[in-house]
Amino acid sequence: MRKFFVEKIIPTGGFLSITGKEARHIRNVLRMKKGETLVLMDREGQSYEATIEAIYYKEVRVKITKTIPPIPPSPVKISLAQAFIKSHPMEYLIQKVTELGIHSIHPFYSERTVIQIKSAHLKSKMDRWMEIMKSACKQCGRVTLPDLNAPLPFEELINTVPNKKTLKVLLWEDEDKVDLKRLLTSMSSALHVFVIVGPEGGFTSNEINRAQEAGFQIVSLGNRILRAETAAVSLISIIQYEWGDLNLG
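These numbers were taken from a predicted model, which means no experiment stands behind them.

Thresholds applied
- Residues numbered from 1 in each chain as written.
- Predicted model: local features only at pLDDT ≥ 70, side-chain atom pairs only at ≥ 80, totals over all residues.
- Heavy atoms only, no water.
- pLDDT = per-residue confidence, 0-100.
- Helix = DSSP H or I, 4+ residues; strand = E, 2+ residues; numbered from the N terminus.
- Salt bridge = Lys/Arg side-chain N within 4 Å of Asp/Glu carboxyl O.
- Buried < 20%, exposed > 50% of the residue type's maximum accessible area, 1.4 Å probe, protein only.
- Core = buried A, V, L, I, M, F, W, Y, C linked by side-chain atoms within 4.5 Å.
- Contact = heavy atoms within 4.5 Å.
- Expected span 1.5 Å × (residues − 1).

**Comments concerning the confidence of the model for the protein**
Summary statistics for the protein give a mean pLDDT of 91 and a share of 100% for residues scoring 70 or more. Strand β1 (residues 3-5) is the least confidently modelled element of the protein, averaging 86 in pLDDT, while strand β6 (residues 77-83) averages 97, the highest of any element.

Shown next, in the form of structure tokens:
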């Protein structure tokens, strides 16, 4: 069944109007007809089955027929801070971590960040990422979108992360003592994990020192060399496997 996002579902007498991109997609791309059934989702996690009642030029009117119970969220809330990387790898990363149940995404600039996005282009870039997240949610049946935060410089980012009830982790390819598996199995699960993955060029030693001062645990994924986007997806997968919902429990 086709899935569509709306800002907030407030049925009026059992009916709802869909406008904007989703309405155009229903009318012009999918060419759906009156009487067809679809699923509506909003950012608050509400999900309903609905039937198309009428299709207008800029609006699709539907009748709500059934409430769909939400999928329980992961028992661990995971936030990913990702340094800007090239466009296609960044889009791949955002799509995959959304499918994996990420709670929030925090882009940032660091000393070795190669990609610099001009402020005039930032909104269109973030709008593009939001559409990728919506598409990923539709594909995997997720009903809540991750929070997408405005980019920050690295030093500002590390000082915005709360200390209480949060495991703070930074992935560094030069770490040779602590790996992620050892860290996760040495402690009980945390309610919130905030992870940082750097740019293609990695972190400087100064940035590592500043992160440690801010309470971050520096970890490795082992000896295998991974691209930034692969490392981020692997990191989220491992945390969800150990502490989250990549199981039938």
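**Notes on the pattern of salt bridges**
Enumeration over the complete set of coordinates arrives at eleven salt bridges. In this structure, E22 engages K138 in a salt bridge whose closest nitrogen and oxygen atoms are separated by 3.0 Å. Remark: K138 occurs in helix α3 (residues 119-140) and E22 occurs in helix α1 (residues 20-29); sequence separation between them is 116 residues. The class for E22 is buried, based on a relative accessible area of 13%. One salt bridge connects D127 with K123, and the closest N-O pair in it is separated by 2.8 Å. Here K123 and D127 lie together in helix α3, a separation of four residues that amounts to about one turn. Judged by relative accessible area, which is 36%, D127 ranks as partly exposed.

**Digging into the nonpolar core**
Counting residues in hydrophobic clusters, the biggest one holds 44 residues, and the most contacted among them are L80 and V193. Of all the secondary-structure elements, those providing two or more residues to this core are β3 (37-41), β6, α2 (87-99), α3, β10 (166-171), α5 (180-185), β11 (192-197) and α7 (228-243). When residues of this core are assigned to their parent elements, the largest contribution, eight residues, is made by α7. Setting aside residues no more than four positions away along its own chain, V193 makes contact with V76, K77, I78, S79, L167, V169, I239 and W243. Counting residues in each nonpolar core, the second largest holds 17 residues, with A83, F154, I208 and I218 among its members.

**Points about α2**
Here α2 is 13 residues long and its end C-alpha atoms lie 19 Å apart, about the 18 Å a rise of 1.5 Å per residue gives. Of all the residues in α2, the buried ones are P89, M90, E91, L93, I94, V97 and T98. Check the buried side of α2 and you find it contacts β6, β7 (104-109), α3 and α7. Of the residues flanking the end of α2, it is G101, one or two places downstream, whose phi is positive at about 90°.

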